Amino acid sequence: MPFDKNQLLVEEDTNPYHIVQRQIDQAAEIIGLEQHVINILKKPKRVLSVSFPVKMDDGSIKVFEGYRSQHNDALGPTKGGIRFHPDVTLDEVKALSMWMTFKCGVVGLPYGGGKGGVICDPRQHSKSEIERISRGYMEAIADIVGPDRDIPAPDVYTNSQIMGWMMDTYSRMKGVFQPGVITGKPLIIGGSKGRSEATGRGCVYTILQALQMKGMEIKNATVAIQGFGNAGQIVAELLSEAGMKVVAISDSTGAIFSPQGLDVNLVKQYKNTSSILDYHHCNIMENPEELLELDVDVLVPAALENVITKKNAEYVKAKIVAEAANGPLTPAADEILFKKGITVIPDILANAGGVTVSYFEWVQNMMSFYWSEEEVNQKLHTMMINAYEKVTATANDYAIDLRKSAFIISLKQVAEAMVARGWI
Ligand code: GLU
């Protein structure tokens, strides 16, 4: 790698809020978006900061802090997940709500973006403590959410059970059954078939499309997956079903690697019973971050933000990077990968399957009429492929990367809605 003095002098700004603002600026410049439109979109419309007491199992009281950010509701109610994580910050939640606006815009959903977060580590709490944290948070944000205002969903370290508790709290507060206030619920209380796999499934549709467009063989194509939560597991499962070889998987405890390919189902079993590191037929990677630099066809960052930055982007060897996580690449990394000819399927497209099936869930809740899994997956497939084709066509028109293209498509949508409503 050529020596670049600037790389040593200037540390990269990895604040996700600044990153999304920069992404907006870059895309807006290409289409000459007016400055006042940019100014509106660079900040969330409403941010709520809450703190609430929760009784712990030992009788003590702990105060938790959380946020809910609603970015822009020109296209419809705001929509986006709730994350439980010790590193949640207000800027992160704001950024994630902004990415949600653009994610919904790329797929063409009638939503704006929202996001929530609670600073906590669910791995340190019992199920009953997590239930009380979930109910306490919903109670604290209930005034600003609702089926036609702002609709939360699962995100990092939250799941369908948590959505069920939150829906119950909201419904009790309002005195009416309100399944449409939140998506990703258990099936029995208004969840949608296919929702729990949707983020991973949608991501797989985009990966297969990218392989095809690059003229690459699917059979035996190699893949490395960083993060083995909901999205990472489904991506691993479906890609190996499609004939690809999952050669590396990591989670927060470490990374495993096997050039022959890992047995994904077995890795899943180890994850659920002990640790992925107990899987025998593989090498344990001493430095889990090196997974990102493996010589594979497809790399899937499926964990958290800022994992490929100016520091390691030069060493990425994958031909396709599919962002199952939100915000895993920084703008500097984007630039480096683009120059290297690597196709990056941006988060707002690659992981849009989750919110797409959330939208289906909300529609089904409104109708009280439920679809089969085949119907859901078929509709998801159609929407993901349409979005993928639109994004690649725009990228070709402007000779830009897929992220800028996806942002352009969304910016136009949101701006048009704001004009139609007479805001600008
Ligand atoms: N948390 C997911 C995301 O980042 C899903 C959001 C939703 O379903 O509303 O896209």
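Details of the structure are given in the entry above.
Residues numbered from 1 in each chain as written. Predicted model: local features only at pLDDT ≥ 70, side-chain atom pairs only at ≥ 80, totals over all residues. Heavy atoms only, no water.

Looking now at the overall build of the protein. A count of helices and strands for the protein gives 14 helices and 13 strands. On C-alpha atoms alone, the protein measures out to a radius of gyration of 21 Å, which is about the 22 Å that the 2.2 N^0.38 rule sets for 424 residues. Principal-axis analysis of the C-alpha atoms places the extent of the protein at approximately 60 × 55 × 50 Å. The buried share among the 424 residues of the protein stands at 59%. (Helix = DSSP H or I, 4+ residues; strand = E, 2+ residues; numbered from the N terminus. Rg over C-alpha atoms; globule rule 2.2 N^0.38 Å. Buried < 20%, exposed > 50% of the residue type's maximum accessible area, 1.4 Å probe, protein only.)

Within the secondary structure layout, threonine 394 lies in helix 13 (residues 373-398). Of note is the side chain of threonine 394, whose polar atom sits 3.0 Å from the backbone oxygen of lysine 390. With sequence-adjacent residues up to four places away left out, threonine 394 is seen in contact with Ile400, Ser405, Ile408 and Ile409. (Polar contact = N/O pair within 3.5 Å; in protein donor to acceptor, adjacent residues only side chain to side chain. Contact = heavy atoms within 4.5 Å.)

Turning to the nonpolar core, a few remarks are in order. Core analysis: the biggest nonpolar cluster contains 68 residues, and Ile207, Val300 and Ile345 have the highest contact counts within it. For valine 300, the residues in contact, after removing those within four places along its chain, are Ile207, Val223, Ala224, Ile225, Gln226, Val235, Ala322 and Ala324. Phe64, Ile82, Val118 and Ile130 belong to the second-largest nonpolar core, a separate cluster that totals 25 residues. (Core = buried A, V, L, I, M, F, W, Y, C linked by side-chain atoms within 4.5 Å.)

Bringing the environment of serine 275 into the picture now. In this fold, serine 275 is placed in the loop between helix 9 (264-273) and strand 10 (283-285). A relative accessible area of 18% places serine 275 in the buried class. Sequence spacing of serine 275 and glycine 254 is 21 residues, and the spatial spacing of their C-alpha atoms is 9.1 Å.

In this section: unusual backbone geometry. Here tyrosine 157, not a glycine, exhibits a phi torsion of approximately 60°, which is positive. Accessibility expressed as a relative area gives 34% for tyrosine 157, which makes it partly exposed.

Once that is clear, we can look at the site of the ligand. Residues in close proximity to the ligand total 14 residues, the closest being Lys79, Lys103, Pro154, Asp155 and Ser358. Alone, the ligand offers 290 Å² of accessible surface; in the complex the protein occludes 95% of this. If you list the elements that add at least two residues to the shell around the ligand, you get helix 4 (90-107) and helix 12 (353-367). Considering every element that reaches the shell around the ligand, the biggest residue donor is helix 12, with three residues. Taken together, the residues of the shell around the ligand break down into four nonpolar, five polar and five charged. (Near = heavy atom within 4 Å. Areas by Shrake-Rupley, 256 points an atom, 1.4 Å probe, with all protein chains shown as cover. Nonpolar A, V, L, I, M, F, W, Y, C, P; charged D, E, K, R; others polar.)

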